[in-house]
Amino acid sequence: MESAKNHAEMVSFAAYLPEKTVKTTSFAGTKDMPRSLDFVRLTGITSHHEVAKEQGSLELAVQAGKKAIARAGIEPDSLGLIINASVSKMNPNLDQHLSPSLATLVASELGAKNAQTFDVSNACAGMVTALMIAESRIKSGKIEYAMVISGEFITPIIDEAKRRNLYLTPRAIASLTVGDGSAAYILGRTKHEGRIKFSEPITFAQYNRHCIGQASKRHRGPQMRTKARDLQNGVMTNIGIFLQRSLLHMDLKWNEIDHTYSHPTTPKAVKKGAKIASDLLGEINFLHNDSFDTANTASTTHGVLLEKSQKNGYLQSDETAIIISFGSGLAILAMHFNLPKGVKDWS
Amino acid sequence: MLSWQSCKIKPTHLLKSTLTLVKETIKMANIQLEDIGLIVHGGVYKEHFRTEPAFATHIQGDLSLHCTQLSMNSPHCFSFDVTDGSCSPHIALQSIADLLPSMKSKYALLCVGDDRPTKHSEWNEESYCFVAVIGMSGDGPRLVSVDFDDHQLNPNLTIRGYFDEQVRGNKVVESGTTTYAETKHDGHSFSGHQRWLSGQHMHAFHSVMDEHNDTHEHCIVDRSGKSTTAKWEF
């Protein structure tokens, strides 16, 4: 529907995966795991991507950013806002970038000299949180284009977990489910209403100590400790009502959503959530649950899966997609949008 | 801004101090804790360089705010962090201004401050905690705009956390040197020292604002040269 007010739409998205792939069995084979656990069978993850030596969060993000700008057909200096949502923010030496925002460096690399820049931290839900802010800023008429970007150099937590005795530190096991990657979305101004909608964003803070990422106290780089089962229970307990509320809030019909993307902690976990959703709301038209070879790339997971779908020719202009986002904290929110014009033909 | 409070804090007392100030500011704003639907924290340094979850979720959790299972009508709260050097408080304010109008709840908490990340980190900073209740309407100062200026940005002036092999611990390291801008207060405008952390900027501006209600422009210049200016109307 056209209106006199400003609205926002998805103009482009892109993801980048570093070339190197690592098989899960090479670091989490049955011989490596407590009780000879079959980790591949348990998670459904067969491999992930890892950065090259010279790459960190910034370098990954810039790759996705350049691709998203090219696909949008805009100049970098037309971006009025860049929000970075990386959890990792690490350089190739495993130093953590603190200040100014990583988005400042991204803008500098992309030549986006007119963009306001800052970072949002909301764990794996950071990109969708940032997209909410970007959408609001476009609707206010203050800017025409906004980019939400993230580069996740997160695989050092695999090495950290491997150094720990996993029998004694079972909370490190979830660290074996991650991969590196980056994603970027560009939103633009439109007169057409309803091309992007957000659910109510919710934080279930009773789970705020179930997944903690921080610098390792013993050596260079980060660590993550997770009460994975309890956290997953938190999601599964609330996901049905959350989706029901979200459909009402966004005025959507479940059977009219063409593509569904959930945060893939593991493909197995997504299957569980999908079963709850299907039992409650009906069949899912197209669930994109193919993170088996990319693993959990933290905040960038939905972008990575969207890129895969695009490459596989599954996406058509003006079809609709919903992104369901979870992040430690425990944050849950969703975004529904019309796929950008020309998506099918992007290179 | 319906109410605000700030205090100087010990190097690792950010969460504890924030919770105390939240309770005071909510009382001052004459609302109930349950009325809060959004918490945004702005700052740079977190305990052990924590990357997830957002610090704001710890504030929400320790306040036991809407920490219940979801039902079709249950109220809820959303919490996240923003950061952009010492300009973080203005980014947090802007984010609240962006999101609050579309939320069911009409009140948000703005929380600002930094913790010394580790005992190995040199810490000559004065750390302040600042908390404000932001509402969609009320008698307090009204945020008119937040503008940014990156013309003085030097992207080589960065701060990183790194592991020092000699002390076997994580430290903070600053790259590059600069001459810091001093505190300025001329009539309607206030700008704090460029070396200050986020919380001190907010503490100092609101102390000035409490005394001179004609001061309605607050400029924060980050160490990197980036700056933001918040304009207030009384």
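Read on for a plain summary of the structure.

The rules behind the values
- Residues numbered from 1 in each chain as written.
- Chains lettered and ligands numbered in written order.
- Predicted model: local features only at pLDDT ≥ 70, side-chain atom pairs only at ≥ 80, totals over all residues.
- Heavy atoms only, no water.
- Helix = DSSP H or I, 4+ residues; strand = E, 2+ residues; numbered from the N terminus.
- Contact = heavy atoms within 4.5 Å.
- Pairing = 2+ DSSP bridges.
- Axes fitted to C-alpha atoms, helices over the stretch in contact; angles between N-to-C directions.
- Phe/Tyr/Trp six-rings, centres within 6.5 Å; stacked < 30°, edge-to-face > 60°.
- Buried < 20%, exposed > 50% of the residue type's maximum accessible area, 1.4 Å probe, protein only.
- Lys NZ or Arg CZ within 6 Å of the ring centre and 35° of its normal.

A few words now on the side chain of E307 of chain A. Looking at the element boundaries, E307 of chain A is found in helix α9 (residues 301-311). In this structure, E307 of chain A is in contact with F13, A14, A15, K67 and R71 of chain A, ignoring residues within four places of it in sequence.

Residue and element names in this part refer to chain A. Along the chain, V148 turns up in strand β7 (residues 145-152). C-alpha separation for the pair V148 and A183, spaced 35 residues apart in sequence, amounts to 8.4 Å. Those residues within four positions of V148 in sequence are excluded, and the remaining contacts are I83, M127, A130, L131, A134, A183, A184 and Y185.

Another aspect to go through is the sheet that holds strand β11 (residues 217-221) of chain B. All names here are of chain B. Read from one edge of the open sheet, five strands run β6-β12-β11-β10-β9, paired in mixed fashion. With one partner strand each, in any of the chains shown, β6 (142-149) and β9 (184-186) form the two edges of the open sheet. For this sheet the average axis-to-axis angle between neighbouring strands, irrespective of direction, equals 15°. In the sheet, strand β10 (residues 189-191) pairs with β11 via three bridges, with the strands oriented parallel. Within β11, the residue paired with F190 across the bridge is H218.

The omega torsion across G329 of chain A and L330 of chain A is 0°, close enough to zero to call that bond cis. When you line up the elements, L330 of chain A lands in the loop between β14 (320-327) and β15 (331-338). Note that the residue after E52 of chain B, namely P53 of chain B, is joined by a cis bond; omega there is 0°. By secondary structure assignment, the location of P53 of chain B is in the loop between β2 (36-42) and α2 (55-62). At S36 of chain A, a residue that is not glycine, the phi angle is positive and equals roughly 50°. Tracing the backbone through its elements, the reader meets S36 of chain A in the loop between α1 (25-28) and α2 (39-43). Non-glycine residue D251 of chain A carries a positive phi angle of around 55°.

Within the structure shown, the criterion is met by five aromatic pairs over all chains. Judged by centre distance (5.1 Å) and plane angle (55°), the rings of F286 of chain A and Y314 of chain A are tilted. Pair noted here: F286 of chain A is in the loop between α8 (267-281) and α9 and Y314 of chain A is in the loop between α9 and β14, with a separation of 28 residues, a long-range link. According to the relative accessible area criterion, F286 of chain A is partly exposed, its value standing at 29%. By relative accessible area, Y314 of chain A is classed as partly exposed at 36%. An angle of 35° between the planes, with centres 6.4 Å apart, marks the rings of F190 of chain B and F205 of chain B as tilted. You can see F190 of chain B sitting in strand β10 and its partner F205 of chain B sitting in helix α4 (residues 198-211), a full 15 residues away along the chain. The residues F190 of chain B and F205 of chain B share a single accessibility class, namely buried. Here the guanidinium or amino end of K308 of chain A rests over the ring plane of F292 of chain A, the centre of that ring lying 4.8 Å away.

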